[in-house]
Amino acid sequence: MQVENKSKKWDKLYAGGTKYRQLNKIFLDRLINKVEKIIGSRIKIVIDLGCGTGDAIDQFEKRGYEVIGVDFSSIAIAKAKEKNPKAQFIEHDLNLLNKLYFKKRVDLIICKLTIVFIKDKEKLLKRVRMLMNKNSVFCLITPVLHPDIDYSAEDKPGVAVDYKEIKELLNKIFRKVIEFHDEFVGEKMHIVTFLAIK
């Protein structure tokens, strides 16, 4: 019942036309170049966890990658399928990622603006690691909070994770963690792109 209610909440957001900005083209080019250097130019399969309406999937698909999108919202998945008919989509709660199986190991897993909604982040990250090829990359894009900043409601701290905690967790689970990109939005919002290498 609780899972169904959360799913309906996301469906309502996407039905209302909620849009998230695409990955910036320059950023995406730099990200792909960095990932290909790490894994040796072998990107074949990308999984987008929390893919929403498939904007990033469209960007990866145009580069010739096999792409799998996973999202909790049936409405988001339907919209993503319209835009990206070649991609594979799975409607699934990321809190239960351990119950989802893929036939192949992947080269890149991306999770953009989603980790804050995961109850057991360590469990999710361990499962992500299991889905990856050796030397492949998990790209986590997330707003972060810093202990020395006084956040107000308009800073939207509810969509951010604690910077120190998420960094420590990534370092605990992955072989190497790189802070690839920082973006500063508004007065206090800090969005970090972490690249975690298996």
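Bear in mind that the values here come from a model prediction, so they are computed numbers and not experimental data.

(A) Structural context of the overall build of the protein chain. When helices and strands are counted, the protein chain shows 6 helices and 8 strands. Start at the N end of the protein chain and walk to the C end: the helices and strands fall as α-α-β-α-β-α-β-β-α-β-β-α-β-β. Taking all 198 residues of the protein chain together, 51% fall into the buried category. Long-range contacts, defined here as pairs at least 24 residues apart, represent 65% of the contacts in the protein chain between residues at least 6 apart. Of the accessible surface of the protein chain, which amounts to about 10,700 Å², a share of 51% is contributed by carbon and sulfur atoms.

(B) Layout of the pattern of salt bridges. Within this structure, the stated rule accounts for 9 salt bridges. Residue Glu122 pairs with Lys126 through a salt bridge whose shortest N-O separation is 3.1 Å. You can see Glu122 and its partner Lys126 sitting in helix H5 (residues 121-131), 4 residues apart, about one turn around the helix. For Glu122, a relative accessible area of 23% corresponds to the partly exposed category. The exposure class assigned to Lys126 is partly exposed, which follows from its relative accessible area of 43%. Salt-bridge contacts for Glu179 lead to Lys167; the nearest nitrogen and oxygen are separated by 2.9 Å. Residue Glu179 is located in strand S7 (residues 176-185), and its partner Lys167 is located in helix H6 (residues 163-173); the two are separated by 12 residues in the primary sequence. Glu179 gets classed as partly exposed once you look at its relative accessible area, which sits at 29%.

(C) Representation of the side chain of Thr193 within the structure. One can find Thr193 in strand S8 (residues 189-197). Judged by its relative accessible area of 2%, Thr193 falls in the buried class.

Conventions and cut-offs
- Here the residue index of a chain counts from 1 through its sequence in written order.
- Given that this is a predicted model, residues contribute local features only at a pLDDT of at least 70 and side-chain atom pairs are listed and counted only at 80 or more, while totals for whole chains, interfaces and linings are drawn from all residues.
- Remark: hydrogens and water are excluded; side-chain values derive from all non-hydrogen atoms of the structure.
- Numbering of helices and strands runs from the N terminus; a helix is a DSSP stretch of H or I covering at least four residues, while a strand is a stretch of E covering at least two.
- Only protein chains enter the accessibility calculation, which uses a 1.4 Å probe; a residue is then buried when its area is under 20% of its type maximum, exposed when over 50%, and partly exposed in between.
- In what follows, a contact means two residues having at least one pair of non-hydrogen atoms within 4.5 Å.
- The method behind every accessible area is Shrake-Rupley, applied with a 1.4 Å probe, and residues are considered shielded solely by the protein chains displayed.
- Any Lys or Arg side-chain nitrogen found within 4 Å of a carboxyl oxygen on Asp or Glu counts as a salt bridge.

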